[in-house]
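Results of the structural survey
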Amino acid sequence: MSPEILQPGQTVLAQIEQIYREERSAVLHPSARAGVEAAAARIAAAAAGDAAVYGVNTGFGKLASLKIAAKDTATLQRNLILSHCCGVGEAMPRNVARLMMVLKLLSLGRGASGVRWDVIALIEGMLARCVTPVIPAQGSVGASGDLAPLAHMAAVMIGAGEAEVDGHIMPGSEALASAGLSPVTLGPKEGLALINGTQFSTAYALAGLFDGWRNAQSALVLSALSTDAIMGSTAPLHPEIHALRGHAGQIEAAATMRALLAGSAIRDSHVIGDTRVQDPYCIRCQPQVTGAAMDILRQAAQTLEIEANAATDNPLVLSDGQIVSGGNFHAEPVGFAADMIALALSEIGAIAQRRVALMVDPTLSFDLPPFLTPNPGLNSGLMIAEVTTAALMSENKHLAHPTVTDSTPTSANQEDHVSMAAHGARRLMQMNANLSRILGVEALCAGQGVEFRAPLKTSPPLQATLARLRADVATLGEDRYLAPDLESAARLVASGALADAAGIPLPTL
């Protein structure tokens with residue numbers, strides 16, 4: 001597979017998602033090279049001069065006032081990398097680690113970091129030859145950049161640390177050699193350019209965004225299936241209701257649900273003569289809730305697309321040649337975006353869980369058997385599957401608590417306000433996994449409910465979704481060992497297979 005060619009400052013989310021999903025390699029567009037080399041020449045000139053320039057010939061953080069001799073420049077950068085390799089915990093997933101490397105390419109490619117093109121070429125080579133640094137996922141507070149995780153990436157580049165190649169973990173020097181690559185000796189500021197930046201936090205936030213959008217699409221499809229399962233009304237989907245409010249996500253969600261339910265014989269059977277006046281909010285207000293979550297996800301997407309293209313290390317080489325210390329390494333925008341995504345995921349799951357509870361409750365489900373089993377009493381059906389969704393919903397509510405509002409001083413009070421974006425973004429993987437499982441149980445319940453309405457059939461799009469579900473998970477008759485069914489359904493949700501099976505256009509990010 002050919003590498004994705006990226007233009008720093010102009011890369012779009014569709015390219016980034018493809019890299020994340022397919023673990024594609026990436027290279028910078030050749031037009032980026034001139035700016036990169038001009039900035040590198042400016043840093044080299046500063047390193048040869050007498051003036052103190054932060055990160056070039058000084059110490060770091062609280063030690064910035066200490067001048068470093070020119071002969072010690074390489075040692076300074078190497079020591080920086082090794083001393084900052086303080087990550088702990090489980091390693092980043094490989095696709096997220098590779099995405100982080102791609103984001104670092106984009107940042108360096110802006111031509112403001114002062115690194116030589118050799119540094120960029122090494123990252124490109126590692127991506128192409130599948131040399132993935134082993135990066136512990138804990139240890140960053142999201143300012144001054146994602147220091148510890150990015151240091152573990154840079155360590156492999158200098159022949160230290162550990163990396164994965166072909167599924168095997170080995171020392172960084174061996175990993176590079178096995179791929180025909182050589183470690184780099186870092187020049188002035190290059191170590192600092194590699195570990196300053198928000199790429200760890202941004203990679204996790206983007207992964208959370210991409211997986212969250214798939215879950216949102218699945219939620220629209222499955223909520224329509226649930227609506228038919230309980231013989232709910234489509235009147236609340238009337239387009240004028242949503243136009244009168246005006247929110248784009250709500251309008252789009254309602255339109256999608258109308259398309260999904262069009263042609264349902266179940267719906268047609270109770271348009272006239274239904275004694276119920278209104279459905280519960282979890283059915284009636286799905287466009288208002290998941291549509292609002294879609295709007296929030298799109299707002300976060302705008303922030304993250306900008307951040308993916310940003311120069312976020314320090315100091316930066318400006319267009320007039322000045323080398324200026326700033327604060328672009330502070331991941332506050334990423335932290336806010338991650339918190340927004342977390343809130344959206346929590347709410348999509350909360351309303352989905354209420355639909356699950358509705359379908360298993362015979363007092364609310366409009367003549368469906370208790371817990372959706374054909375022989376209740378002797379069988380418990382989906383009773384405890386609903387309890388599992390309640391547990392996952394509650395867990396996601398706790399995980400949705402904002403992280404960006406928490407800060408603590410670090411580095412002897414030099415870095416006295418931090419974003420906490422790193423774990424704010426990292427939690428999104430667990431939240432999405434929880435949400436996929438909630439929606440998977442909704443698929444099982446809604447599929448079972450629709451089948452109880454036979455000989456009436458749901459709409460053609462939803463019949464296709466149900467058929468895809470049944471290809472992996474059989475209808476529940478007598479009680480059986482259910483855990484594999486829950487995992488299979490969750491995988492179908494997370495992969496987008498159930499949503500795609502409907503065969504209609506779904507909202508895009």
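Some thoughts on the nonpolar core
In this structure, Val 131 and Leu 206 are the most contacted members of the largest nonpolar core, which totals 146 residues. Leu 206 has contacts with Leu 13, Ile 16, Leu 99, Leu 103, Leu 304 and Ala 308, leaving out every residue within four places of it along the chain. In this structure, Ala 39, Ala 46, Val 53 and Val 56 belong to the second largest nonpolar core, which totals eight residues.

Section: the sheet that holds strand β6 (residues 162-165)
On the basis of which strands lie adjacent, the open sheet formed by three strands has the order β4-β6-β7 and antiparallel pairing. Two strands in the sheet have a free side with no partner beyond their single neighbour: β4 (132-133) and β7 (168-171). Where β6 meets β7, four bridges bridge the pair, whose relative direction is antiparallel. Of the residues in β7, the one forming a bridge with Ala 163 is Met 170.

Observations regarding helix α5 (residues 117-128)
Over its twelve residues, α5 extends 16 Å from the first C-alpha to the last, a length consistent with the 16 Å expected when each residue adds 1.5 Å. Of all the twelve residues making up α5, nine are buried; the element is thus mostly covered by neighbouring parts of the structure. Within the span of α5, buried status applies to Trp 117, Val 119, Ile 120, Leu 122, Ile 123, Glu 124, Gly 125, Met 126 and Leu 127. A positive phi of about 60° marks Cys 130, the residue just after α5.

Topic: the pattern of salt bridges
According to the stated counting rule, one finds 16 salt bridges in the structure shown. A salt bridge links Arg 21 to Glu 17; the shortest N-O distance between them is 3.3 Å. In this pair, Arg 21 and Glu 17 are both assigned in helix α1 (residues 13-22), four residues apart and thus about one turn of the helix distant. Look at Glu 17 and you get partly exposed, because its relative accessible area is 25%.

Quick word on the packing of helix α9 (residues 199-229) against helix α11 (residues 248-261)
Put simply, α9 and α11 touch, their axes get as near as 9 Å, and they point 55° apart. For the element pair α9 / α11, the angle class is oblique. Two packed elements cross with a definite hand, and for α9 against α11 that hand is right-handed. On α11, the residues that touch Leu 220, Val 221, Ser 223, Ala 224, Thr 227 and Asp 228 of α9 are Ala 253, Thr 256, Met 257, Leu 260 and Leu 261.

Description of the packing of helix α15 (residues 332-360) against helix α17 (residues 421-452)
Interhelical geometry of α15 versus α17 gives an angle of 20° and a closest axis separation of 9 Å. Relative to α17, α15 is oriented roughly parallel. Here α15 and α17 pass one another in a crossing that is left-handed. Looking at side-chain class alone, the contact of α15 with α17 contains 20 nonpolar, six polar and four charged residues.

Things to note about the environment of Gly 55
Following the sequence through the fold, Gly 55 ends up in the loop between α2 (33-48) and α3 (73-83). Exposure remark for Gly 55: the relative accessible area of 0% places this residue in the buried category. Linking Gly 55 and Leu 80, residues 25 residues apart in sequence, is a C-alpha distance of 9.9 Å. Filtering out sequence-adjacent residues up to four positions away, Gly 55 remains in contact with Phe 60, Gln 77, Lys 189 and Leu 192.

Brief notes about the packing of aromatic side chains
This model, assessed by the stated rule, comprises two aromatic pairs. Geometrically, the ring pair formed by Tyr 20 and Phe 210 is tilted, given 6.0 Å between the ring centres and 35° between the ring planes. Highlighted residues: Tyr 20 in helix α1 and Phe 210 in helix α9, separated in sequence by 190 residues. Exposure remark for Phe 210: the relative accessible area of 1% places this residue in the buried category. With 5.0 Å between their ring centres and 65° between their planes, Phe 200 and Tyr 204 make a pair best called edge-to-face. Separated by four residues within a single helix, Phe 200 and Tyr 204 lie in helix α9, roughly one turn from each other. Accessibility assignment for this pair places Phe 200 and Tyr 204 in one class, buried.

Details of unusual backbone geometry
With an omega dihedral of 5°, the bond running from Ala 143 to Ser 144 counts as a cis peptide bond. Examined against the element boundaries, Ser 144 turns out to sit in the loop between β5 (136-138) and α6 (147-157). Cis rather than trans, the peptide bond between Asn 314 and Pro 315 has omega equal to -5°. For Pro 315, the position within the fold is in the loop between α14 (286-308) and β8 (316-317). Phi at Lys 189 takes a positive value of approximately 70°, unusual for a residue other than glycine. Mapped onto the secondary structure, Lys 189 falls in the loop between α7 (172-178) and α8 (190-195). Classification of Lys 189 by relative accessible area gives buried; the value is 0%. For Asp 367, which is not glycine, the phi torsion reads 75° and is therefore positive. With respect to the element layout, Asp 367 can be found in the loop between α15 and α16 (383-399). When its relative accessible area of 67% is taken as the criterion, Asp 367 is described as exposed.

Definitions and cut-offs
- Residues numbered from 1 in each chain as written.
- Predicted model: local features only at pLDDT ≥ 70, side-chain atom pairs only at ≥ 80, totals over all residues.
- Heavy atoms only, no water.
- Core = buried A, V, L, I, M, F, W, Y, C linked by side-chain atoms within 4.5 Å.
- Buried < 20%, exposed > 50% of the residue type's maximum accessible area, 1.4 Å probe, protein only.
- Contact = heavy atoms within 4.5 Å.
- Pairing = 2+ DSSP bridges.
- Helix = DSSP H or I, 4+ residues; strand = E, 2+ residues; numbered from the N terminus.
- Expected span 1.5 Å × (residues − 1).
- Salt bridge = Lys/Arg side-chain N within 4 Å of Asp/Glu carboxyl O.
- Axes fitted to C-alpha atoms, helices over the stretch in contact; angles between N-to-C directions.
- Parallel < 35°, antiparallel > 145°, perpendicular 65-115°, else oblique.
- Left-handed = near helix turned anticlockwise from the far one by under 90°.
- Nonpolar A, V, L, I, M, F, W, Y, C, P; charged D, E, K, R; others polar.
- Phe/Tyr/Trp six-rings, centres within 6.5 Å; stacked < 30°, edge-to-face > 60°.

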